[in-house]
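Coordinate inspection notes
Here are the chains, one letter per residue:
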Amino acid sequence: MKILFYSPHSDDAPAWIASLTRKLHGADVRLWTPGDVAPADYAIVWRPPAELLAPPRGLRAVFVLGAGVDALLAHERRSPGMLPPDVPLVRLEDTGMAEQMAEYAVHAALRYMRRFDEYELAQRQSAGDAPWRALEPHPRESFHVGVLGLGALGAHVAKTLAALGLPVRGYSRTPKAIAAVATFAGQGEFDAFLGGLKLLINLLPSTPETDSILNARTFSHLEPQAYLVNLARGAHLVERDLIDALNAGRLAAATLDVFTQEPLPADHPFWRMPRVTITPHISALTLREPAVEQIARKIEALVRGETISGIVDRLRGY
Ligand code: NAP
Ligand code: GLV
């Protein structure tokens, strides 16, 4: 079995290749380099160039080293035919990302509920003379949290927040039942999901239907002085609307892990907005060993002729 590996940001490709070779019992795994047009059965990639995937290499499946496939599908739209239509595109399902997302979301929710962001701001803006003053925390029972997306990551985040005793709602395309989480599905239930939320957390995939979903209209349905946490993709957010909502006091603060342009340019206004917290796309990193384990098990299943989960519906976009 021949396997191509490619990840432009990974400086530990040898470790990935060694792990894949071990888990696939001696498969021939090679690092793709420009000009390599030799046949391969599977490709394991992150943001590959078109020539890596283009037929007639004979690929039986393409595994993406992440949960989101929006960049690859956008690349295919720019270079039609890059992804052979009959070759399954398979994404990572959790592989340790759900726990990381839950840690991030719990940190953000408690930081805002207990108003630690305001103490941090007061300390940063003072010269040792920050007011010694207690702020009343937001009452837990009315700190309504909404999670957009109830897939591998969003469902775990929603359950973890609910286990803290927070009132949690979740929103998905198709109906879901999750203990202790009030669930809403489809556009018809979107406004009811949003109504009165104090904290909105985004974990949707970026698709033509979901891009720009974090906009002025959405913000207008939240509780006044609500909080936003975007952990999914920059394309979900209408940046101008967030800036206006923060300046107008419609939203109290935002935590952003993802941006339309990454790295976020040095002159971007978000860097200078005291109520915007920025992290560099780290809310859930791809962990090598769980990812290799999942991909190896799926390749073995495909070799046995079995069906696997995690195949992207390219029309739906996730
Ligand atoms: P997933 O398992 O595919 O779940 C996607 C969820 O979104 C599903 O519940 C789906 O509904 C829902 N959804 C999709 N389109 C919708 C629509 N039009 N309206 C309402 N709900 C919709 O994806 P995941 O593994 O949880 O990952 C989610 C995203 O997180 C990824 O696509 C990626 O962009 C992002 N991510 C970010 C990082 C980071 O470090 N910042 C890391 C990993 C992933 P159904 O259940 O009804 O299909
Ligand atoms: C990271 O953003 C991923 O989609 O896994």
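Residues numbered from 1 in each chain as written. Chains lettered and ligands numbered in written order. Predicted model: local features only at pLDDT ≥ 70, side-chain atom pairs only at ≥ 80, totals over all residues. Heavy atoms only, no water.

**Concerning the sheet that holds strand S10 (residues 226-230)**
One open sheet accounts for seven strands, arranged S8-S7-S6-S9-S10-S11-S12; its pairing is parallel. Bordering the open sheet on either side are strand S8 (181-185) and strand S12 (276-278), each of which pairs with just one other strand. Taking the axes of each pair of neighbouring strands and ignoring which way they run, one obtains an average angle of 15° across the sheet. Both strand S9 (residues 199-202) and S10 contribute to a ladder of four bridges, which runs parallel. Opposite Leu199, over in S10, you have Tyr227 as the bridge partner. Strands in contact with helix H6 (residues 154-163) are strand S6 (145-148), strand S7 (168-172), S8 and S9; relative to S6, the strand with the most contacts, it is inclined by about 165°. Lying on the sheet, helix H9 (residues 239-247) is in contact with S10, strand S11 (251-256) and S12; it crosses S11 at an angle near 140°. (Pairing = 2+ DSSP bridges. Helix = DSSP H or I, 4+ residues; strand = E, 2+ residues; numbered from the N terminus. Axes fitted to C-alpha atoms, helices over the stretch in contact; angles between N-to-C directions. Contact = heavy atoms within 4.5 Å.)

**Here's the deal with the packing of helix H4 (residues 97-113) against helix H5 (residues 116-125)**
Closest axis-to-axis distance for the H4/H5 pair is 5 Å, and the angle between their directions is 70°. In terms of orientation, H4 lies roughly perpendicular with respect to H5. Contact residues: H4 offers Leu110, Arg111 and Tyr112, while H5 offers Phe116, Asp117 and Glu120. Of the residues contributing to the contact of H4 with H5, the split by class is three nonpolar, no polar and three charged. (Parallel < 35°, antiparallel > 145°, perpendicular 65-115°, else oblique. Nonpolar A, V, L, I, M, F, W, Y, C, P; charged D, E, K, R; others polar.)

**Details of a nonpolar patch on the surface**
Taken together, the side chains of Ile282, Leu285 and Leu287 make up a nonpolar region of the molecular surface, amounting to roughly 220 Å² of accessible area. Positionally, Leu285 belongs in the loop between S12 and helix H10 (288-303). Relative accessible area serves as the criterion here: at 42%, Leu285 is assigned to the partly exposed category. (Patch = residues over 30% accessible without salt bridge, like charges linked within 9 Å, V, L, I, M, F, W, Y side chains within 5 Å. Areas by Shrake-Rupley, 256 points an atom, 1.4 Å probe, with all protein chains shown as cover. Salt bridge = Lys/Arg side-chain N within 4 Å of Asp/Glu carboxyl O. Buried < 20%, exposed > 50% of the residue type's maximum accessible area, 1.4 Å probe, protein only.)

**A short note on the domain arrangement of the protein**
On domain assignment, one finds that the protein holds domain 1 (2-95 + 286-303) and domain 2 (97-278). For domain 1 versus domain 2, the separation of C-alpha centres amounts to 32 Å. Taken together, the 10 residues of domain 1 in the interface contact seven residues of domain 2. Carbon and sulfur atoms supply 53% of the area that domain 1 and domain 2 bury against each other, a total of about 700 Å² over both sides. (Domains from an automatic or database assignment. Buried area = accessible area lost by both parts, 1.4 Å probe.)

**Observations regarding the packing of aromatic side chains**
Summed over all chains, the structure comprises 10 aromatic pairs. Ring centres of Phe143 and Tyr227 lie 6.2 Å apart, and the angle between their planes is 40°; this geometry places the pair in the tilted category. Of this pair, Phe143 sits in the loop between H5 and S6 while Tyr227 is found in strand S10, placing the two residues 84 residues apart along the sequence. For the ring pair Phe259 and Phe270, a centre distance of 6.3 Å and an interplane angle of 55° mean the geometry is tilted. With Phe259 in the loop between S11 and S12 and Phe270 in the loop between S11 and S12, this pair connects stretches of sequence that are 11 residues apart. Here Phe259 and Phe270 have matching classes, each one buried. Across the ring face of Tyr318, the terminal group of Arg316 is positioned such that the distance to the ring centre comes to 4.0 Å. (Phe/Tyr/Trp six-rings, centres within 6.5 Å; stacked < 30°, edge-to-face > 60°. Lys NZ or Arg CZ within 6 Å of the ring centre and 35° of its normal.)

**Some remarks on helix H3 (residues 70-78)**
Taken together, the buried positions of H3 are occupied by Asp70, Leu72, Leu73, His75 and Glu76. Along its buried surface, H3 packs onto helix H2 (50-53), strand S4 (61-64) and strand S5 (89-90).

**Notes on the site of ligand 2**
Residues in close proximity to ligand 2 include Gly66, Ala67, Gly68, Met97, Arg233 and His281, which together make up its full environment. Gly68 places a polar main-chain atom, nitrogen or oxygen, 2.8 Å from an oxygen atom of ligand 2. Between ligand 2 and His281 there is a distance of 2.7 Å, counted from an oxygen atom to a side-chain nitrogen or oxygen. For ligand 2, the protein covers 88% of the area, taking 190 Å² as the surface of the free molecule. (Near = heavy atom within 4 Å. Polar contact = N/O pair within 3.5 Å; in protein donor to acceptor, adjacent residues only side chain to side chain.)

**What about the site of ligand 1?**
Neighbouring ligand 1 are 30 residues, the closest being Arg91, Thr174, Lys176, Leu231 and Tyr318. Thr174 places a polar side-chain atom, nitrogen or oxygen, 2.5 Å from an oxygen atom of ligand 1. At 2.7 Å, a side-chain N or O of Lys176 approaches an oxygen atom of ligand 1. Protein coverage of the free-state accessible area of ligand 1, which is 940 Å², stands at 93%.

**Overview of H10**
In this model H10 runs 22 Å from its N-terminal to its C-terminal C-alpha over 16 residues, within 8% of the 22 Å that 1.5 Å per residue would give. Inspection of H10 places Ala291, Val292, Gln294, Ile295, Ala296, Lys298, Ile299, Glu300 and Ala301 among the buried residues, and these make up the whole buried set. Those residues of H10 that are buried are in contact with strand S1 (2-6), helix H1 (13-23), strand S3 (42-45), S4 and S5. (Expected span 1.5 Å × (residues − 1).)

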